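Each chain, written out:
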Amino acid sequence: MGRAVTFFGAADIPHCSGMVRFGKSDNVKVGGLGVSRQFDINTPHLKPQGVFCVPHIASISIGSLKVKVNGRGCGRMGDDVGGGSCTRVAEGHPKVFAG
């Protein structure tokens, strides 16, 4: 079975500060909200850098290899954000899944 599909406003796993999915599809929706896809960014937040936290944003690195939304990998709970340098998607729709 696949993983829960993520969407505009869904949480990412926080580090120095919280963040949510910001980038989205304008025409593919789940629960009435745009699906967040490969290359879609999260909201500006703080990321650890040494002993400090610095502002940045990051995008979903790949998303689903099987399910595409507007030609990009569908974002799912657990997908990497920032190419291993940031976080992972923490939230997805409880009834919509993608492999």
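A short tour of the structure in this document, coming up. (Residues numbered from 1 in each chain as written. Predicted model: local features only at pLDDT ≥ 70, side-chain atom pairs only at ≥ 80, totals over all residues. Heavy atoms only, no water.)

1. Re the pairing of strand E5 (residues 52-56)
Every regular strand shows the same layout, with side chains that alternate between the two sheet faces.
Here is step 1: Pairing geometry for strand E4 (residues 45-49) and E5, over five bridges, is antiparallel. Across the sheet, the residue bridging to proline 48 is cysteine 53, located in E5.
Here is step 2: Connecting E4 to the antiparallel partner E5 that follows it, the hairpin turn spans two residues, and glycine 50 within it adopts a positive phi of roughly 65 degrees. (Pairing = 2+ DSSP bridges. Helix = DSSP H or I, 4+ residues; strand = E, 2+ residues; numbered from the N terminus.)

2. Considering the side chain of asparagine 42
Here is step 1: Among the secondary structure elements, asparagine 42 is positioned in the loop between strand E3 (33-34) and E4.
Here is step 2: Since its relative accessible area comes to 0%, asparagine 42 is described here as buried.
Here is step 3: Engagement of the side chain of asparagine 42 in a polar contact is seen with the side chain of aspartate 12, the distance being 3.1 Å.
Here is step 4: Discounting chain neighbours no more than four positions away, the residues touching asparagine 42 are Asp12, Met19, Val20, Arg21, Phe22, Ile57, Ala58, Val81 and Cys86. (Buried < 20%, exposed > 50% of the residue type's maximum accessible area, 1.4 Å probe, protein only. Polar contact = N/O pair within 3.5 Å; in protein donor to acceptor, adjacent residues only side chain to side chain. Contact = heavy atoms within 4.5 Å.)

3. Focus on the state of the cysteines
Working definition: the covalent bond between the sulfur atoms of two cysteines is a disulfide.
Here is step 1: By the definition in use, this model includes one disulfide.
Here is step 2: Each disulfide pairs two cysteine sulfurs, and for cysteine 16 the partner residue is cysteine 53, the sulfurs being separated by 1.9 Å. Sign of the S-S torsion, about -65 degrees for the bond between cysteine 16 and cysteine 53, identifies this disulfide as left-handed. You can see cysteine 16 sitting in the loop between strand E1 (3-4) and strand E2 (29-30) and its partner cysteine 53 sitting in strand E5, a full 37 residues away along the chain.
Here is step 3: Given the relative accessible area of 39%, cysteine 53 is considered partly exposed. (Disulfide = S-S within 2.5 Å.)

4. Here we look at the packing of aromatic side chains
Here is step 1: Under the definition given, this model contains one aromatic pair.
Here is step 2: Between phenylalanine 8 and phenylalanine 22, the ring centres sit 6.1 Å apart and the planes meet at 50 degrees, which makes this aromatic pair tilted. Here phenylalanine 8 is found in the loop between E1 and E2, whereas its partner phenylalanine 22 is found in the loop between E1 and E2, with 14 residues between them in sequence.
Here is step 3: One Lys or Arg, lysine 24, reaches over the ring of phenylalanine 8 and ends 5.7 Å from the middle of that ring. (Phe/Tyr/Trp six-rings, centres within 6.5 Å; stacked < 30°, edge-to-face > 60°. Lys NZ or Arg CZ within 6 Å of the ring centre and 35° of its normal.)

5. Details of the side chain of serine 64
Here is step 1: Counting through the fold element by element, serine 64 comes out in the loop between E5 and strand E6 (68-69).
Here is step 2: Serine 64 gets classed as buried once you look at its relative accessible area, which sits at 0%.
Here is step 3: A polar contact of 2.8 Å, which involves the side chain of serine 64, links it to the backbone nitrogen of valine 67.
Here is step 4: When neighbours within four sequence positions are excluded, serine 64 is seen to be in contact with Gly73, Cys74, Arg76, Asp79 and Gly99.

6. Here's the deal with the environment of valine 67
Here is step 1: Turning to its location among the elements, valine 67 is positioned in the loop between E5 and E6.
Here is step 2: What makes valine 67 partly exposed here is its relative accessible area of 31%.
Here is step 3: Along the chain, valine 67 and glycine 99 lie 32 residues apart, while their C-alpha atoms are 6.7 Å from each other.
Here is step 4: Setting aside its immediate chain neighbours within four residues, valine 67 contacts Arg72, Gly73, Cys74, Ala98 and Gly99.

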